[in-house]
Amino acid sequence: MDNKDVIFGINGPVVTVKDSRSFSMMEMVYVGQQRLVGEVIRLSGDETTIQVYEETTGLKPGDAVVGTGEPMNVVLGPGIMDNIFDGIERPLAAIEEESGSVFISRGVSVPSLDEKRLWDVHVTVKKGDKLSAGDIYATLPETRIIEHRVLVPPTLSGEVVSVKPDGKYRLNDTVAVIRDHSGAEHNLTLCQRWPIKTPRPVNKKLPADIPLITGQRVIDTLLPISKGGTAAIPGGFGAGKTMTQHQLAKWCDADIIIYIGCGERGNEMSQVLQEFKELVDPKSGRPMTDRTVLIANTSNMPVAAREASIYTGITLAEYYRDMGYHCAIMADSTSRWAEALREISGRLEEMPAEEGFPAYLPSRLSDFYERAGRVETLGGKQGSVTVIGAVSPQGADFSEPVTQNTKRFTRCFWALDKSLAYARHYPAINWMTSYSEYFTDLDPWFEKEQGRDFIDFRNKITAILQEENSLMEIVKLIGADVLPDDQKLIIETARVIRVGFLQQNAFHKEDTFVPLEKQKLMMKTIIHLYEVSKGLIARNIPLSRIISLGLFDKLTKMKYDIPNNKPEMFKEYEKEIDEALNSTLTAEFN
Amino acid sequence: MVLDYVGVKEINGSLIVLDGVKGAFNEEIVDIRLENGTTRQGRIVQMDGERIVVQVFESTKGISLVNTKTRLTGRPMEMPLSKEIIGRILNGSGKPIDGLGDIYPEKLGNINGTPMNPVSRVYPKNYINTGISTIDTLITLIRGQKLPIFSGSGMKHNELAVQIVRQAKIADDDGKGFCVVFAAMGVKNDVADYFKRSFEEFGVMNRVVMLLNLANDPIIERILTPKCALTVAEYLAFEHDMQVLVIMTDMTSYAEALREFSSSKGEIPGRKGFPGYLYSDLASLYERAGMVKGSRGSVTQIPILTMPNDDITHPVPDLTGYITEGQIVLSRSLQGQGVYPPIDVLPSLSRLMKDGIGEGYTRAEHQDLANQLFSSYAKVIDARSLASVIGAEELSPIDKKYLEFGDAFEKRFVNQSFTENRSIEQSLDLGWELLGILPRSELDRVDDAILDKFYKPASE
């Protein structure tokens, strides 16, 4: 070609091309001899600006830039599950094999999904069937627990003109051909491509009225999230963001987990890889990896790919949602993503807004979080994408722009607290500053599944914690000794709630995941002890005597002492409370 | 054909601009020859067609618009590597300054390194016994970890680093030896000297590579120092299976050098004037710690940074804390009370600790003990703040016990002498002994079975 486009300027990951008319906005391009992947981010009359997803060392002015004619997109098809990708869907394990090195060399070209592997395909349509966008035309077992449903791409519909029989096919083999209304024929393979920055279309959004059960008491009872909901986990370093995300990824009842390590630690990713292989999903009895996709763009990997990783993750989630699955995305951490935006914006010499972040930060954040939701898919199925994003505020200061803007676009706010983390109270979610806006949506479900009393217990627990909080103001000034007994009882009960209920040990076999039923019974037992004790105090029995019975200490340990599968033991606890307190009462009045 | 470009178009701080340069590539190294015969090196940092911006490693002092000849070398920034490098003293950009001649390279390593493939990493699990109770028990250092020391000017971080180097023992030593890469960035001459002397005293100098960029050395060289140090470390660890401990001090000076350079380039500043890419830049250093498949070696990092004004929310400690796997925080008030090492355990943390301790590594109840010590010591702080309001006399008996525990914890557990090397057994036993000060009902982080075995109330 004569008018070849060549590099003019290079500044970090940003490359410019002079006087070109051949590119379109957001187009994916290959840069230089090593064909590094890049994306067009700005066009003007005489200059095209490209961000490169790999290290630019060694690039020269004059090197060729080749457009692909398509926006930055990912391949969607079988082989995504149980895989680990970088920010632009390059399979890291395959890269390791291909390059034979433990380091990521540049310009390695490996197909995103394994193109040679044969899948056991069952074709579900026959000749003459009318298919519309989002309909299933084939299924195959992707892992032992995930059935991959191959969907008609959202842009296509028509009549099936030919199908292949069931059998073994590769990713790019045609299994059916359809003719659209204009008469053009399209080959349907096992995969499709989709641009990562465009949300996949759905029929309609559904109300967020089913909770995502996480098995973490502080979340399920006090700060619940719905399937298709959004949550932010802000916290300074060491507050336990990553631990919380790991716990949710392991135990929440979504069908599929997409874990995005965005600008985080390499060792953490290898920990996830190793732990998830060893962990067995309680529902299916299979390793967690069977339902997990990892996207690892560690902090030292190129910054532009870090920006893309969030979109890649949510596009994969939307694809599985369209098959009718409940997906949950753990994005750790969205602050690193925002910083990538800032870094690139700085290189483009854009006018900065708050703290150097670009002015479009809020709109990018809202675009991302709005892709969550419980929906009816094009194919008429129900699925959901839940987004749980960690936020790493600078200096643990929640007033910084990323935290503040995230707060506006998410409906759960699980604020991690440094002082709780220092005392090794995990999960260090501060119950006073955190909130969930899903109560009204979810309460009907809780009432139906767990009974009205679940909500009552939760309200009582919240009330006690609130009251403790205001009492602590006084205690800090004058000590606890001067309080009257009924207020001391509040403080003692709140201690049981904090230590025995809210604090949860992720490394304890029984305590790492707790079913809703046990959560409810734990609340019930604590409230029971509180109310009976309150009755005694009203009859002038000193609190110190009640405490000396050891019941409060016993309840702080019931999370360990009562196995998850023995809820009947709570009856014995209640009986013991009644008997011990009754005999105290009798002793007092005899 | 080798072309010399005569003169420069513009000089700004450590940057020079040349025009009409053909065939250069991004990050290429250039040689700059002055009229008086001296040469300096620089690196291309930005290009616009034939206009290139070069960062000069030494200063631009003496360079005028006409007196230079610049030549492209055709290479990126590389460092000569060989096993002989152990025991040598280099300057900040990796050139020997000990008068023992050049290093005969076995290979050349690009100092920027390449990111490790997360799939190829081995999750670090083996702990390093440092002989320091607080670190071993509460902030366990793991081989392949990056664990910075957050300190302040005038605190004893150098002593602590030296003590760690001297006492560090690896639980199962299956690599081929242990060595230290020491990178000094903008530190005072005395500090560099202190480390040198200490290494000589323990007779470990033949296992140390020193890269020195002192406070009065050029700042551009300072930006290269940690990159060079880590290139050496990666080479020794992954090609020669050695256990490498990298000590980098002071990361704050490094970040300030980066800020100076960034502002002379006219970049848009972020928080406190530091460039917006400070996080990515620091990450590209810290993430070079770890272990990889196919090699028995490891790179463990102990970066030291001084927090300006002891402020942990300053961008450098803040961003560091987000990248590293925990931190060791020193406290001025403990140091004031004569406690050495003055480690403030509450904000300190080791993220990799949980998988490297317990049964088979240290002792089964290690994690529980650590949780309980953290939790109890956090209550000590509450009790103290209450005591400062109402007076210690007015405290409840249980709060008084906490005060007693807190004092004992600081004086006996945290405090130890510079030469004292405590075994892990000693440290754990001491922890249980101190918990004996508190009544058993206060120990709510530990299972009863473990308490039965280890808890012994202190005799009055």
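Quick notes on the rules
Residues numbered from 1 in each chain as written. Chains lettered and ligands numbered in written order. Predicted model: local features only at pLDDT ≥ 70, side-chain atom pairs only at ≥ 80, totals over all residues. Helix = DSSP H or I, 4+ residues; strand = E, 2+ residues; numbered from the N terminus. Rg over C-alpha atoms; globule rule 2.2 N^0.38 Å. Buried ≥ 20, exposed ≤ 12 C-beta atoms within 10 Å, placed from the backbone. Contact = placed C-beta atoms within 7 Å. Nonpolar A, V, L, I, M, F, W, Y, C, P; charged D, E, K, R; others polar. Domains from an automatic or database assignment. Axes fitted to C-alpha atoms, helices over the stretch in contact; angles between N-to-C directions. Parallel < 35°, antiparallel > 145°, perpendicular 65-115°, else oblique. pLDDT = per-residue confidence, 0-100. Pairing = 2+ DSSP bridges. Core = buried A, V, L, I, M, F, W, Y, C linked by C-beta atoms within 7 Å. Expected span 1.5 Å × (residues − 1). Bend = angle between axes of the 7 residues up to and from the residue.

**Description of the overall build of chain B**
Then step 1. Of regular secondary structure, chain B possesses 13 helices and 22 strands.
Then step 2. Its C-alpha atoms give chain B a radius of gyration of 25 Å, near enough to 23 Å, the size a compact globule of 460 residues would have.
Then step 3. In terms of its C-alpha atoms, chain B occupies a principal-axis envelope of roughly 85 × 50 × 40 Å.
Then step 4. Taking all 460 residues of chain B together, the buried fraction comes to 53%.
Then step 5. By sequence separation, contacts in chain B at least 24 residues apart represent 72% of the contacts at least 6 residues apart.

**Section: the overall build of chain A**
Then step 1. Each helix and strand in chain A was counted, giving 17 helices and 26 strands.
Then step 2. Radius of gyration (C-alpha) of chain A: 28 Å, near the 25 Å computed for a compact globule of 590 residues.
Then step 3. Along the longest, intermediate and shortest principal axes, the C-alpha atoms of chain A span 105 × 55 × 40 Å.
Then step 4. Scored against the burial criterion, the 590 residues of chain A give a buried share of 51%.
Then step 5. Of all intrachain contacts in chain A linking residues separated by at least 6 positions in sequence, the fraction that spans at least 24 positions is 70%.

**Topic: the interface of chain B and chain A**
Reports often express the size of an interface as the amount of accessible area lost when the parts come together.
Then step 1. Counting residues at the interface gives 64 residues for chain B and 60 residues for chain A.
Then step 2. Ranked by the residues each element gives to the side of chain B that touches chain A, the list is headed by helix α10 (residues 366-390) of chain B, at 8 residues.
Then step 3. Looking at the side of chain B that touches chain A, its residues break down into 29 nonpolar, 22 polar and 13 charged.

**Focus: the domain arrangement of chain A**
Then step 1. Entries for chain A in the domain assignment read domain 1 (7-71), domain 2 (117-190), domain 3 (204-436) and domain 4 (451-589).
Then step 2. Each of domain 2 of chain A and domain 4 of chain A has a C-alpha centre, and the two are 58 Å apart.

**Looking at the packing of helix α13 (residues 516-538) of chain A against helix α17 (residues 569-589) of chain A**
Residues and elements named next belong to chain A.
Then step 1. Running from amino to carboxyl end, α13 crosses α17 at an angle of 10°, the nearest separation of the two axes being 10 Å. Considering the angle they form, α13 stands roughly parallel to α17. Contacts between α13 and α17 pair L521, T525, H528, L529, V532, S533 and L536 from the former with F570, Y573, E574, I577, D578, L581, T584 and L585 from the latter.
Then step 2. The class makeup of the residues in the contact of α13 with α17 is 9 nonpolar, 4 polar and 2 charged.

**A word on the confidence of the model for chain B**
Residues and elements named next belong to chain B.
Then step 1. Averaged over every residue, the pLDDT of chain B is 90; the share at 70 or more is 98%.
Then step 2. Ranking the elements of chain B by mean pLDDT puts strand β15 (residues 169-170) last, at 70, and strand β14 (residues 149-151) first, at 96.
Then step 3. Taken over the whole predicted complex, pTM reads 0.90, whereas the ipTM for its chain interfaces reads 0.84.

**With respect to the pairing of strand β16 (residues 185-188) of chain A**
Then step 1. As paired strands, strand β15 (residues 176-179) of chain A and β16(A) are joined by 4 bridges and run antiparallel to one another. Across the sheet, V177(A) pairs through a bridge with N187(A), a residue of β16(A).

**Concerning the nonpolar core**
Then step 1. Core analysis: the largest hydrophobic core is formed by 293 residues, its most contacted members being I258(A), I329(A), F182(B) and V246(B).
Then step 2. It is helix α4 (residues 219-240) of chain B that contributes the most residues to this core, 13 residues altogether.
Then step 3. Every residue in contact with I258(A), bar those within four places of it in the chain, is listed here: V293(A), I295(A), G313(A), L316(A), A317(A), C327(A) and I329(A).

**Description of the domain arrangement of chain B**
All names here are of chain B.
Then step 1. With domains assigned, chain B is organised as domain 1 (4-76), domain 2 (79-356) and domain 3 (366-454).
Then step 2. Using C-alpha coordinates to define each centre, domain 1 is positioned 31 Å away from domain 2.
Then step 3. Listed as interface residues are 10 residues of domain 1 and, on the opposing side, 9 residues of domain 2.

**Some remarks on α4(B)**
Residue and element names in this part refer to chain B.
Then step 1. An ideal rise of 1.5 Å per residue puts 32 Å on 22 residues; α4 measures up with 31 Å between its terminal C-alpha atoms.
Then step 2. The sharpest bend along α4 measures roughly 30° and falls at T225, with the proline P226 sitting one to four residues further on.
Then step 3. Counting buried positions along α4 gives 20 out of 22 residues, so the element sits mostly inside the fold.
Then step 4. Looking one or two places after α4, you find D241, whose phi comes out positive at around 50°.

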